[in-house]
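If you want the building blocks of each chain, they are given just below.
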Amino acid sequence: MRIAVIGSGYVGLVSAVCFAEIGHNVISVDNDGLKIAALERGETPIHEQYLPELLARHKGERLLFSTSVPDAVRQSDVVFITVGTPQSQTGEADLSYVEAVAYEIATALAGSKVIVEKSTVPVRTCEWLHKSLTLNGAASGTFSVVSNPEFLREGSAVTDFLYPDRIVIGADDSASASVMQAVYKPLTSGSYYGEPARFPLESYRYAKAPMVVTNAKSAELIKHASNAFLAMKISFINAVANISEEVGADIQQVCAGIGSDSRIGSKFLNAGIGYGGSCFPKDVQAFRSVAEQCNYDFGLLTEVMRINSDQRVRFLKKIRSALWTLRGKQLGVLGLAFKADTDDVRESPALSIIEALVKEGAQLKVYDPAGMPNARKVLSAASVTYVDDEYETARGSDALLILTEWAEFAVLDFKRMRALLKYPIVIDGRNLYQPAAMAKAGFIYHSIGRASAHPAAESLPGVEYSAEPVPALRASNSAD
Ligand code: UGA
């Protein structure tokens, strides 16, 4: 099948390489000529596992790049729209990029095409797209508009695409539903999983990808409702964590107890400093705006957002109560990205905490395995120093903060850390360590939803240090 993917951001680029991977001929389009030139050279603009390998595998063969929407549309049967839908000032999704693309598509529509909305959009966007295409000259009856929301997580987007929990198709006519079923057939029939060269080769076992076919509006709602539900799960557990702290319970034990109820499930129950990224904050707000337009007061979503921003404020209070005053203090900071395995710092809780600390006069030494180039673009305060590894953040610092759940932050050599830190204070916003083990290793350790741990008197500063490695919780504490 011939596919055009308009927009080469996270979703567009991953979708384009994955459509090529499952056998389609794909043209990936972006109006940023520099980005397209880089992609043609095989350079990936984002940090995403397996993307460079898949790009190298298909570039110049089943995967071509272009800056021309009309050319790509003319050469394709199915056109995916994957342009950005940023948040407008009022909290709604700004659909102006989608509308601009619709205009360009309309000028090139000839023959029968299926136009697929894959960007995260509010319900009724397919309806609007249809109207807009018609108003801009597309002959009615020659095209249909379908919703196909994506559920790709940054950091695991390629495997989320190829091994999905479900594929959702929202089509209002059976012909376009059939076209979409054909697009995904290699995954839904399972034929892709039998291929010896499938990606990422032998490590994934999978039979067939399930598909849910709905009408267009239901599919659009599924996307917003899914992200809002996951955000709600995170805010819920963060609220429970705050109570746990007060009463002396342990949030990880609580999660083990509630998560083992199959109706609840253990995923997305990691308490921390709140959700961030380019999706949850924007989508929860956009979904609330949709509800408002329907004259429905979805106050639950307001609470989800309130708890989420409050979580950062609470973490700042923890830092203050561990260190008393902040002016002139030096803090080591591990993590800038909004979560592990990505270089994305958009709406990162780590950045907003860092910004607040800078305002209060703290000096920061920061490190992130992938997020530093992006952080530098938005965080240029003179009081922030970017260093080359985890241990450099600790050198001479009054305390160490953990703000992103990178796996490598969960296996630190704390004997070395303690020797470098001025005071043995760790404030962990991602619960990567066991409080008791940290106390045994000589640290004053504060985390989320668990009692703070203090070392035995004999291991306080000034006393010869001897500690076993601190066992990390990472394996059981995965965010996914
Ligand atoms: C999210 C959804 O998970 C995807 O299904 C969806 O396709 C995507 O948004 C989107 O709409 O495009 P993503 O933003 O990449 O994906 O990140 P997540 O892995 O969902 O994490 C979001 C935030 O929640 C991160 O800040 C993470 O640290 C936080 N989180 C996650 C927690 O605080 N606790 C958890 O238990 C899980």
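Draft legend 1. Representation of the overall build of the chain in the model. Helix and strand counts for the chain come out as 18 helices and 14 strands. Buried residues in the chain amount to 54% of all 480 residues. At a minimum sequence separation of 6, the contacts of the chain that also span at least 24 residues come to 71%. By element, 53% of the accessible surface of the chain is carried by carbon and sulfur atoms, the whole surface being about 20700 Å². Distance between charge centres in the chain, computed from 47 positive and 54 negative side chains, equals 2 Å.

Draft legend 2. Here's a closer look at unusual backbone geometry. Cis geometry marks the peptide bond from F199 to P200, where omega comes out at -10°. Tracing the sequence through the fold places P200 in the loop between α9 (185-188) and β8 (211-214). Of note, W324 is a non-glycine position whose phi angle comes to about 70°, a positive value. Following the sequence through the fold, W324 ends up in the loop between α13 (299-323) and β9 (330-334). A positive phi angle, near 50°, is found at E347, a position not held by glycine.

Draft legend 3. A look at the site of the ligand. Around the ligand there are 21 residues in total, and E150, E154, K223, N227 and N270 lie nearest to it. Between E150 and the ligand, the recorded distance is 2.7 Å, taken from a side-chain N or O atom to an oxygen atom. Measuring from an oxygen atom of the ligand, one finds a backbone N or O atom of L152 at 2.9 Å. Broken down by secondary-structure element, the contributors of at least two residues to the shell around the ligand are α10 (216-247) and α12 (280-293).

Draft legend 4. Spotlight on the domain arrangement of the chain. Along its sequence, the chain is carved into domain 1 (2-214) and domain 2 (219-480). In this structure, domain 1 and domain 2 have C-alpha centres spaced 34 Å apart. Counting from both sides, the interface comprises 29 residues of domain 1 and, opposite them, 26 residues of domain 2. On the domain 1 side of the contact with domain 2, H47, T120 and E154 bury the most area, a combined 26% of that side's loss. The interface formed by domain 1 and domain 2 holds two salt bridges in total.

Draft legend 5. Up close: the side chain of H24. Topologically, H24 is positioned in the loop between α1 (10-21) and β2 (25-29). On the basis of relative accessible area, H24 is assigned to the buried category, the value being 5%. At 2.7 Å, the side chain of H24 forms a polar contact with the backbone oxygen of V183. The residues touching H24, leaving out its near neighbours within four places in the chain, are M1, I3, F19, R62, A182 and V183.

Draft legend 6. Spatial organisation of the state of the cysteines. With the rule as written, the count across this model stands at zero disulfides. As a non-bridged cysteine, C18 has C279 as the owner of its nearest cysteine sulfur, 16 Å distant. Judged by its relative accessible area of 0%, C18 falls in the buried class.

Draft legend 7. Expanded view of the sheet that holds strand β14 (residues 444-446). The six strands lie next to each other as β11-β10-β9-β12-β13-β14, forming an open sheet whose pairing is parallel. Across the chains shown, the open sheet's two edge strands, defined by having one partner strand only, are β11 (384-386) and β14. On average, each strand axis in the sheet is tilted by 20° relative to the strand beside it, whichever way the strands run. The sheet strands contacting α13 are β9, β12 (399-402), β13 (425-428) and β14, and the helix crosses β13 at an angle near 170°.

Draft legend 8. Expanded view of the layout of surface pockets. Of the voids in this model, the second largest pocket is the one considered here, and its volume is about 1200 Å³. For the second largest pocket, the lining is made up of 45 residues, of which G9, Y10, V83, G84 and R346 are closest to its centre. Among the elements of the structure, α1, α5 (96-108), α12 and α15 (372-378) are those that each provide at least two residues to the lining of the second largest pocket. Tallied by class, the residues present in the lining of the second largest pocket amount to 18 nonpolar, 14 polar and 13 charged. Here the lining of the second largest pocket spans two domains, since at least three of its residues come from each of domain 1 (2-214) and domain 2 (219-480).

Draft legend 9. Just the environment of P186, in detail. Here P186 is to be found in helix α9. Judged by relative accessible area, P186 falls into the buried class, the value being 13%. With 22 residues separating them along the chain, P186 and K208 place their C-alpha atoms 8.9 Å apart. What P186 contacts, discounting residues up to four positions off in sequence, is I22, S191 and Y192.

Draft legend 10. Up close: the pattern of salt bridges. In the structure shown here, the tally under the stated rule is 19 salt bridges. Across the salt bridge formed by R263 and D261, the nearest N and O atoms sit 2.8 Å from each other. Look at R263 and you get exposed, because its relative accessible area is 73%. With relative accessibility at 23%, the residue D261 sits in the partly exposed group. With its nearest N and O atoms 3.3 Å apart, the salt bridge here joins R430 to E405. With a gap of 25 residues between them, R430 in the loop between β13 and α18 (435-440) and E405 in the loop between β12 and α17 (414-420) connect regions that are remote in the sequence. Here R430 matches E405 in class, with each residue buried. One salt-bridge network, held together by shared partners, links E154, D344 and R346.

Reading guide: rules and limits
- Residues numbered from 1 in each chain as written.
- Predicted model: local features only at pLDDT ≥ 70, side-chain atom pairs only at ≥ 80, totals over all residues.
- Heavy atoms only, no water.
- Helix = DSSP H or I, 4+ residues; strand = E, 2+ residues; numbered from the N terminus.
- Buried < 20%, exposed > 50% of the residue type's maximum accessible area, 1.4 Å probe, protein only.
- Contact = heavy atoms within 4.5 Å.
- Areas by Shrake-Rupley, 256 points an atom, 1.4 Å probe, with all protein chains shown as cover.
- Lys, Arg positive; Asp, Glu negative; His and termini not counted.
- Charge placed at Lys NZ, Arg CZ, Asp CG, Glu CD.
- Near = heavy atom within 4 Å.
- Polar contact = N/O pair within 3.5 Å; in protein donor to acceptor, adjacent residues only side chain to side chain.
- Domains from an automatic or database assignment.
- Buried area = accessible area lost by both parts, 1.4 Å probe.
- Salt bridge = Lys/Arg side-chain N within 4 Å of Asp/Glu carboxyl O.
- Disulfide = S-S within 2.5 Å.
- Pairing = 2+ DSSP bridges.
- Axes fitted to C-alpha atoms, helices over the stretch in contact; angles between N-to-C directions.
- 1 Å grid on protein atoms, 1.4 Å probe; cavity = no way out; pocket = protein on both sides within 12 Å on 5 of 7 lines; lining within 4 Å.
- Points joined across faces, edges and corners; volume = space filled by probe spheres on them.
- Nonpolar A, V, L, I, M, F, W, Y, C, P; charged D, E, K, R; others polar.

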